[in-house]
Amino acid sequence: MPELPDIVVYIEALEQRVVGHVLERVRIAGPFLLRTAVPAIDSVQGHKVVELRRIGKRIALGFENGMWLVFHLMIAGRLHWKNTTVVPDGRRTLAAFGFDSGTLTLTEAGTQKRASLHLFADEVAMTAIDPGGLEVLSATRETFAEALISENHTLKRALTDPHLFSGIGNAYSDEILFHAQLSPVLLTQRM
């Protein structure tokens, strides 16, 4: 599953390809991918991307009309860039976003199809999807410790809780605990 560092790399790659470019066409073939009905997905067609943002493990594209398109790749979702037009097949390629600079595709391996796409009318509406966890890259030691012991969970559960920490999942929590030489089942309030 893409986590904080992976999402940052996706955003860096997308900045070069989509910021300042017009989204000409949206094609969604995965029947369960789009999780919002209002506003209509074609509301972003013909508009320029002006900003990219990370919201936890999600990637948000901000458009000049104030709308936000938010991707959550979940376990098996991936984004790919193609210089040609792509028509999604609905099995592996769930969506294609045709920009004036190329095509961004969303693929998902496996049968679970957990990836999601939301479209929000504005930034205020988009805040509903933010679990509100602490941004670990900008946190002080004190704020990190405070968030860690704010609830009594195992270390593993606390690190992966998106309401406590933004962007940390299974893989990176394991790495953190390994390097810190801490047990994943240690209770946070016993530290």
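A brief report on the enclosed structure follows. (Residues numbered from 1 in each chain as written. Predicted model: local features only at pLDDT ≥ 70, side-chain atom pairs only at ≥ 80, totals over all residues. Heavy atoms only, no water.)

**Quick look at the nonpolar core**
At step 1: Of all hydrophobic cores here, the largest spans 29 residues; its most connected members are I59, L61, L69, F71, L79, F97 and L106.
At step 2: Mapped by element, the contributors of at least two residues to this core are α1 (4-18), β1 (22-28), β2 (47-55), β3 (58-63), β4 (68-72), β6 (93-99), β7 (102-108) and β8 (116-120).
At step 3: Here this core takes five residues from α1, the largest share from any one element.
At step 4: Look past the residues within four positions of L61 in its chain and what remains in contact with it is V18, V49, E51, L52, M67, W68, L69, F71 and F99.
At step 5: Core analysis: the next-biggest nonpolar cluster, separate from the first, contains eleven residues, A147, L148, A158 and L159 among them. (Core = buried A, V, L, I, M, F, W, Y, C linked by side-chain atoms within 4.5 Å. Buried < 20%, exposed > 50% of the residue type's maximum accessible area, 1.4 Å probe, protein only. Helix = DSSP H or I, 4+ residues; strand = E, 2+ residues; numbered from the N terminus. Contact = heavy atoms within 4.5 Å.)

**A word on the pairing of β8**
At step 1: Burial of β8 is extensive: five of the five residues sit out of reach of the surface.
At step 2: Across five bridges, the pairing between β4 and β8 is antiparallel. Across the sheet, the residue bridging to F71 is L117, located in β8. (Pairing = 2+ DSSP bridges.)

**Comments concerning the sheet that holds β3**
At step 1: Here we have eight strands laid out as an open sheet, ordered β5-β7-β6-β1-β2-β3-β4-β8, and antiparallel in their pairing. On the outer flanks of this sheet lie β5 (77-82) and β8, each paired with one strand and no other. The average undirected angle you get between the axes of adjacent strands in this sheet is 25°.
At step 2: Sheet topology note: the β6/β7 ladder contains six bridges and is antiparallel. Along β7, the bridge assignment pairs T93 with T107.
At step 3: On top of the sheet, α1 reaches β2, β3, β5, β6 and β7; it is set at about 165° to β2, its chief contact. (Axes fitted to C-alpha atoms, helices over the stretch in contact; angles between N-to-C directions.)

**Some remarks on the packing of aromatic side chains**
At step 1: Across all of its chains, the model carries three aromatic pairs by this definition.
At step 2: Seen from their ring centres, F71 and F97 are 5.3 Å apart, and the 85° between their planes marks the pair as edge-to-face. Here F71 is found in strand β4, whereas its partner F97 is found in strand β6, with 26 residues between them in sequence. Judged on exposure class, the residue F71 and its partner F97 are both buried.
At step 3: For the ring pair W81 and F99, a centre distance of 6.2 Å and an interplane angle of 35° mean the geometry is tilted. (Phe/Tyr/Trp six-rings, centres within 6.5 Å; stacked < 30°, edge-to-face > 60°.)

**Considerations on the environment of F71**
At step 1: With a relative accessible area of 1%, F71 lands in the buried category.
At step 2: In the structure, F71 is positioned 67 residues away from L4 in sequence and 14 Å away in space, judged by C-alpha atoms.
At step 3: The residues contacting F71, other than those within four sequence positions of it, are K57, R58, I59, L61, L79, F97, L104, L106, S116 and L117.

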